[in-house]
Amino acid sequence: AYSLSNEAKTTPSDSALSNAMIYFEKGDFDNAVLQLENLVDNYKGTEASYQAKFYLGRTAFINGNNDKALSYLSESITKVKFPNLRKEGYIMLAELEKNPKNFDKAIKNTISDSELKYISILKAKMLAENGDIDQSILILDSINTDNEVYNQFFEEVYGYVVSKN
């Protein structure tokens, strides 16, 4: 099993997380969630427990259980070890809380221009939905469209924002 705790030997919490992830890979989501919930209960405060809370939050978000998703993600997002998980968590929190400032936190955890572009488009869309059309257009106008990744999404959101103006 992989060690999240940077210890030479894998900890029991790391092993429990690895076991839960195997269930996800097999598509057995009920058992994966059960394993993650057990990990959270049995290994409170470990890096593995925070990552388990992230995955529980992500699963709840996907299933539309927004209250549970918000709870798990809020408890774990600043404590998960990996920037890609923090980025994804902040994007979900932005959607759940309808708070575009969470997109700024997601941007701080990006590793590519394509991710930056995608998150900026999401933020602009939410700002427009919240009625802040001018700020939305400012963000959209600052996006580099030379990189063709997400250009169709960019054009859809730009059209939406302009139609609200």
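The structure displayed is predicted, hence computed values, not measured ones.

**Q** Just give me the short version of the overall build of the protein chain, but keep the residues and values in it.
**A** Regarding its fold elements, the protein chain presents nine helices and zero strands. Mapped from its N terminus to its C terminus, the protein chain presents α and β elements in the order α-α-α-α-α-α-α-α-α. Seen through its C-alpha atoms, the protein chain measures out along the principal axes to roughly 55 × 30 × 25 Å. Classification of the 165 residues of the protein chain by burial places 41% in the buried group. Put simply, 45% of the contacts in the protein chain that link residues at least 6 apart link residues at least 24 apart. Surface exposure of the protein chain reaches about 9200 Å², of which carbon and sulfur atoms provide 47%.

**Q** Describe the environment of serine 49, naming the residues involved and giving the relevant values.
**A** Mapped onto the elements of the fold, serine 49 is located in helix 3 (residues 47-62). Sequence separation of serine 49 and serine 76 is 27 residues, and the distance between their C-alpha atoms is 8.5 Å. Contact partners of serine 49, with chain neighbours within four places excluded, come to Leu39, Val40, Tyr43 and Lys44.

**Q** Can you explain the nonpolar core? Please cite residues and give values.
**A** Ranked by size, the top nonpolar core spans 44 residues in total, and within it Leu36, Phe54, Phe103, Leu140 and Val161 carry the most contacts. Setting aside chain neighbours within four positions, we find phenylalanine 54 in contact with Leu73, Ser76, Ile77, Val80, Leu85, Glu88, Gly89 and Met92.

**Q** Please provide a residue-by-residue account of the environment of glutamate 129, values included.
**A** Along the chain, glutamate 129 turns up in helix 7 (residues 113-129). Sequence separation between glutamate 129 and valine 161 is 32 residues, and the spatial gap between their C-alpha atoms is 8.3 Å.

**Q** Just give me the short version of the packing of aromatic side chains, but keep the residues and values in it.
**A** Applying the stated criterion across every chain, the model contains six aromatic pairs. Aromatic pair phenylalanine 24 and tyrosine 55: ring centres 6.3 Å apart, planes at 45°, arrangement tilted. Of this pair, phenylalanine 24 sits in helix 1 (residues 12-26) while tyrosine 55 sits in helix 3, and the two are 31 residues apart along the sequence. Among the residues examined, tyrosine 55 registers a relative accessible area of 11% and is labelled buried. Arranged with centres 5.6 Å apart and planes meeting at 45°, the rings of phenylalanine 154 and tyrosine 158 form a pair that is tilted. Placement of both phenylalanine 154 and tyrosine 158 in helix 9 (residues 151-164) is noted, with a separation of four residues, approximately one turn of the helix.

Quick notes on the rules
Residues numbered from 1 in each chain as written. Predicted model: local features only at pLDDT ≥ 70, side-chain atom pairs only at ≥ 80, totals over all residues. Heavy atoms only, no water. Helix = DSSP H or I, 4+ residues; strand = E, 2+ residues; numbered from the N terminus. Buried < 20%, exposed > 50% of the residue type's maximum accessible area, 1.4 Å probe, protein only. Contact = heavy atoms within 4.5 Å. Areas by Shrake-Rupley, 256 points an atom, 1.4 Å probe, with all protein chains shown as cover. Core = buried A, V, L, I, M, F, W, Y, C linked by side-chain atoms within 4.5 Å. Phe/Tyr/Trp six-rings, centres within 6.5 Å; stacked < 30°, edge-to-face > 60°.

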